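Given next are the chains, with one letter for each unit.
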Amino acid sequence: MRGLIRMKLKLISLLCVALAQVAAAAVDYTDRVNVFLGTNSAAQCSPVAIRPFGMISPGPLNSPHSPSGYQSRIKDLIGFNHTHLQGTGCGSYGLVVMLPTTGNQELGTTVEVPESRQSGEPGYYKAVIDSMDITAEMTCTKRAAIHRYTFPQSDSARVLIDLSKGVNWARHKRGSMDGAMRQESLTTLSGVAHTTAWREHSTYFCMEFSKPVTFTDKGEQGGYASFTTSEGEALLVKVSISYVSEANAKLNLQTELDHWDFDAVRAEASAEWNLQLAKIDAQGGTPDQQINFYTALYHLMFHPQTFNDVNGEYLGMDGKVHRTDGHTHYSVLSLWDTFRAAHPLYTLINPDVQLDVIKTMLDDYRDSGWGPKWKLANKDTQIMPGTWCDVVIPDSYIKGIRGFDIEEAYELVKKNATVPGRRRGFEDYVELGYVAHPEYINVTRTLEHAYCDFNIARFADALGKSEDADLFYRASENYKKLWDSETRFFRGRDRSGQWSYAESFDPLTYTGKGNNDYCEGNAWQWTWHVMQDTQSLINLMGGDAAFEARLDEFLSTQGGDSGGHNDSSKEFGQYWHGNEPDQHALYAYNYAGAPAKTAKWVRKVMEKEYRNDTWGINGNEDAGQMSAWYLFSAMGFYPYMHSVPEYTIGSPLFDEVTLNLPNGKTCVITANNNSAENMYVQSMTINGQAWDKNFLPHDALIDGGSIEFVMGPKPSTWGTAVNARPFSMTSRSE
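Quick look at the nonpolar core
Counting 199 residues, the largest nonpolar core has Met207, Phe209, Phe293, Ile393, Trp629, Leu659 and Leu701 as its most contacted members. For this core, the element with the highest residue contribution is helix α11 (residues 442-462), accounting for nine residues. Ignoring sequence-local partners within four residues, the contact set of phenylalanine 293 consists of Ile280, Ala282, Tyr630, Leu631, Ala634, Met635 and Phe654. Counting 10 residues, the second-largest nonpolar core is a separate cluster that includes Cys206, Ala249, Leu253 and Val265.

Set out below in structure tokens:
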């Protein structure tokens, strides 16, 4: 009990500091967030209330077959649920669905709530149910929500609590939901909601009403709470959740929300979001660009999801209850997506979160014998290729994050690469140096295994494990074994070395449409997945000019059948920004001494693929990755590769960006003479010293100081020299 009291006092103290900092700030950054951006498209965003990296997220459910559970164009509201996935391609969560009603409604009732009758801000959501004259508002702490339902006069008011509803779609597999609940007192209900969607799991909950209610139990479907109301009466309902037990759900509620002051919780949520958003102060740009930027920063902090309770307990991958050593244990780790830019951005502006992600990976390793790949609740979905702990951990370490068990972390990533069980095609890869056709997505697996091996090599190098480093550096060159010099593509080959699809190979053919060698893409989109050794790829293609021409061809070639890619193919050829594998490719021009082309295409993607409306983002937001790409690119640089402490430079969008770093330092990035037309870097300085490289050292950011660009309307010679180019395993002399 003393520990919980100390925890509550610490939370109050931290909150007071946060509120004081926000009060001193001249800008309310939450005004620059559009919580409805990306809520009516494949982006799969939702306008729910949530704290940064929170566990609970009360908000609307109107599209149970959409991964987010919400599409703003749909008017029929099912209710307000408490767990959500943001921007993923598969669906789950969406549990504990509540709907305030009048007229003695039964479970299964829906109400019409058009988009025009909904509003929200970070940490707050509101919907007006005109047919019943009810206004529903909700806000939250990290693990507990509070709803405020304002009713008309009614003798037949009910809150329906549906445990049979939620998000029930995951790649053509429908899930089912059920649960159980009971009334503990005149004002308290508790229970559990269970889902089989994507990965089976249970969510325990505790629910407190601000007045006595009569509970009617409807079995596995849930039930409803009945009461009477006077005109304009506000009923408050507090809901907390836990993935461990009902007792922990109740403890979460008692610890985080032991009062009924809805407006105070809303203000605290806004203050916490403002504190996070203030980590990057962007000046200049258009109003839409400002909103795109800060909404992206908001989306970045939706996931990963806090998964442990206030007492430190969490449900492990082994199905047992464990306790953290004081860190936050996370779930919703969409690592195939987020290793690229989201985790590098956490490393830069939220290193405490990134550290706890690594500690979570080590928790999972101890609990199950493996680190996570794509983690949902306490399960690994195993849905995407690659072993991305092998990138996230080394990249974080090399950029200065410590405070975790480094030897255990190295053991984790080395096991992924040397023991069967995590990498598909492992035996082929070890024996042949490539994953052989007809193994599904064999080219992708080979390229990704090689990239992961490069990151492990860098980790081993940094730890003085030279023998291991040599082994993994050699393995990181395995991509060469799938290079077809005739077609100039990476192609599948069988165990005998024969090329796959010998008679029918077409680089435009997409996964599932006639060529299954590539994951969610085609040969064009996977050509560039050699981030560790782009100079070698340049050499394979015949030099700088040939490489630059190949990128030009990539960005202009029409055709193909890759679904969502068709939306942008007229603008970007085979480049598909709406999916992850080639998102770094625009920055590859820098390696051929053509940074102006990087600037041109990055600016065009920011203009065409991100919008301040409900369409928002051209593709799944993917748990923060699409947003992280925009955030980095708008600041003027991007983490093209990992475990090398540098970024590839593009074209800064704003006149000035200030990074308010967690170490107390600030880095001011200025773009002089900047405009839509003046997109090309003419010159650059770091702390007043001329900088002619087309990459940016990590230390130039975290050490604080100034980075200054001079922009112009035409390409310049800046960054074009041979010695100006970013790191590559292969030197230009080889």
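Back to the text.
Side note on the sheet that holds strand β31 (residues 656-660)
Across a sheet, paired strands are connected by hydrogen bonds in the backbone, their directions being either parallel or antiparallel. On the basis of which strands lie adjacent, the open sheet formed by six strands has the order β19-β31-β32-β36-β33-β34 and mixed pairing. In this open sheet, the two strands that pair with only one neighbour each are β19 (280-283) and β34 (689-690). Both strand β32 (residues 666-672) and strand β36 (residues 705-712) contribute to a ladder of six bridges, which runs parallel. Among the inter-strand pairings, threonine 670 is bridged to a residue of β36, identified as glutamate 708.

Here we look at the environment of alanine 546
Tracing the sequence through the fold places alanine 546 in helix α15 (residues 544-554). Beyond its immediate sequence surroundings of up to four residues, alanine 546 is in contact with Arg488 and Met541.

Some details on unusual backbone geometry
Leaving glycine out, the prevailing phi sign among residues is negative, and the prevailing peptide bond configuration is trans. Residue proline 304 follows histidine 303 across a cis peptide bond; omega there is 0 degrees. With respect to the helices and strands, proline 304 occurs in the loop between α4 (287-300) and β20 (305-306). A cis amide bond, omega 15 degrees, links histidine 437 with the succeeding residue proline 438. For proline 438, the position within the fold is in the loop between α10 (426-432) and α11. Phi at glutamine 382 takes a positive value of approximately 55 degrees, unusual for a residue other than glycine. Here glutamine 382 shows up in the loop between β26 (379-380) and α8 (389-398). Not every positive phi belongs to a glycine, and alanine 623 is a case in point at roughly 55 degrees. Within the secondary structure layout, alanine 623 lies in the loop between α17 (595-608) and α18 (625-635).

Considerations on the side chain of histidine 449
Locating histidine 449 in the fold gives a position in helix α11. Using a relative accessible area of 2% as the deciding quantity, one classes histidine 449 as buried. Discounting chain neighbours no more than four positions away, the residues touching histidine 449 are Arg423, Arg424, Tyr429 and Val435.

As for the pattern of salt bridges
A complete count under the given rule lists 39 salt bridges for this structure. Of the charged contacts in the structure, one is a salt bridge between lysine 250 and glutamate 184, with a shortest N-O distance of 2.6 Å. With a gap of 66 residues between them, lysine 250 in helix α2 (residues 246-256) and glutamate 184 in the loop between β13 (177-183) and β14 (188-195) connect regions that are remote in the sequence. Glutamate 184 sits in the partly exposed class, given a relative accessible area of 33%. Members of the salt-bridge network, linked through shared partners, are Arg51, Lys142, Glu268 and Glu272.

Some words on the pairing of β32
In the sheet, β31 pairs with β32 via five bridges, with the strands oriented antiparallel. Looking across to β32, one finds that asparagine 660 is bridged to threonine 666. Taking the residues between adjacent antiparallel strands as the criterion, β31 and β32 are bridged by five residues, where glycine 664 takes a positive phi near 90 degrees.

What to know about the environment of proline 507
Position of proline 507 relative to the elements: it lies in the loop between β28 (489-490) and α13 (523-526). Note on proline 507: relative accessible area 18%, which makes it buried. In the structure, proline 507 is positioned 29 residues away from asparagine 478 in sequence and 21 Å away in space, judged by C-alpha atoms. In this structure, proline 507 is in contact with Phe489, Asn522, Ala523 and Trp524, ignoring residues within four places of it in sequence.

A look at the packing of aromatic side chains
Ring pairs (aromatic) are described by centroid distance and by the angle formed between their planes. Following the criterion strictly, the structure yields 41 aromatic pairs and no others. Ring centres 5.2 Å apart and planes at 80 degrees place the aromatic pair phenylalanine 293 and phenylalanine 654 in the edge-to-face group. Taken together, the positions of phenylalanine 293 in helix α4 and phenylalanine 654 in the loop between β30 (646-649) and β31 put the pair 361 residues apart, joining distant regions of the chain. In this structure phenylalanine 293 comes out as buried when scored by relative accessible area, which is 0%.

Quick look at the packing of helix α14 (residues 534-541) against α15
The description of two helices packed together rests on the angle between their axes and the distance between the axes. Contact geometry for α14 and α15: axes closest at 7 Å, N-to-C directions at 95 degrees. Taken together, the axes of α14 and α15 are roughly perpendicular relative to one another. From α14, Thr534, Leu537, Ile538 and Met541 reach across to α15, where they touch Asp544, Ala546, Phe547 and Arg550. For the contact of α14 with α15, the residue count by class is five nonpolar, one polar and two charged.

Overview of the sheet that holds strand β15 (residues 201-209)
An order of β6-β7-β8-β9-β18-β15-β14-β13 is seen for the eight strands of this open sheet, with the pairing classed as antiparallel. Unpaired on one side and paired on the other, β6 (118-121) and β13 mark the two borders of the sheet. Put simply, the sheet's adjacent strands are angled 20 degrees from each other on average, direction ignored. One ladder, built from seven bridges, connects β13 with β14; its direction is antiparallel. Pairing of glutamine 183 across the sheet is with leucine 189, part of β14. Where helix α3 (residues 262-277) meets the sheet, it contacts β6, β7 (124-129), β8 (134-140), β9 (144-150) and β18 (234-242), and its direction lies at approximately 50 degrees from that of β8.

Regarding the state of the cysteines
The final tally for this structure, using the stated rule, is zero disulfides. Cysteine 519 supplies the cysteine sulfur nearest to cysteine 90, a cysteine that is in no disulfide, at a spacing of 11 Å. Cysteine cysteine 140 remains unbridged, with the sulfur of cysteine 206 as its closest cysteine sulfur at 16 Å.

Description of α8
In terms of burial, α8 is largely enclosed, as nine of its 10 residues are buried. Turning to α8, its buried residues number three or more, namely Cys389, Asp390, Val391, Val392, Ile393, Pro394, Asp395, Ser396 and Tyr397. Where α8 is buried, its residues contact α5 (335-338), α6 (342-349), α7 (351-368), α9 (406-418) and α11. Within two residues after α8, glycine 400 carries a phi angle of roughly 105 degrees, on the positive side.

Overview of the environment of asparagine 539
Within the secondary structure, asparagine 539 sits in helix α14. On the accessibility criterion, asparagine 539 (34% relative accessible area) is partly exposed. It is 9.3 Å that separates the C-alpha atoms of asparagine 539 and threonine 730, two residues lying 191 residues apart in sequence.

Cut-offs and rules
- Residues numbered from 1 in each chain as written.
- Predicted model: local features only at pLDDT ≥ 70, side-chain atom pairs only at ≥ 80, totals over all residues.
- Heavy atoms only, no water.
- Core = buried A, V, L, I, M, F, W, Y, C linked by side-chain atoms within 4.5 Å.
- Buried < 20%, exposed > 50% of the residue type's maximum accessible area, 1.4 Å probe, protein only.
- Helix = DSSP H or I, 4+ residues; strand = E, 2+ residues; numbered from the N terminus.
- Contact = heavy atoms within 4.5 Å.
- Pairing = 2+ DSSP bridges.
- Salt bridge = Lys/Arg side-chain N within 4 Å of Asp/Glu carboxyl O.
- Phe/Tyr/Trp six-rings, centres within 6.5 Å; stacked < 30°, edge-to-face > 60°.
- Axes fitted to C-alpha atoms, helices over the stretch in contact; angles between N-to-C directions.
- Parallel < 35°, antiparallel > 145°, perpendicular 65-115°, else oblique.
- Nonpolar A, V, L, I, M, F, W, Y, C, P; charged D, E, K, R; others polar.
- Disulfide = S-S within 2.5 Å.

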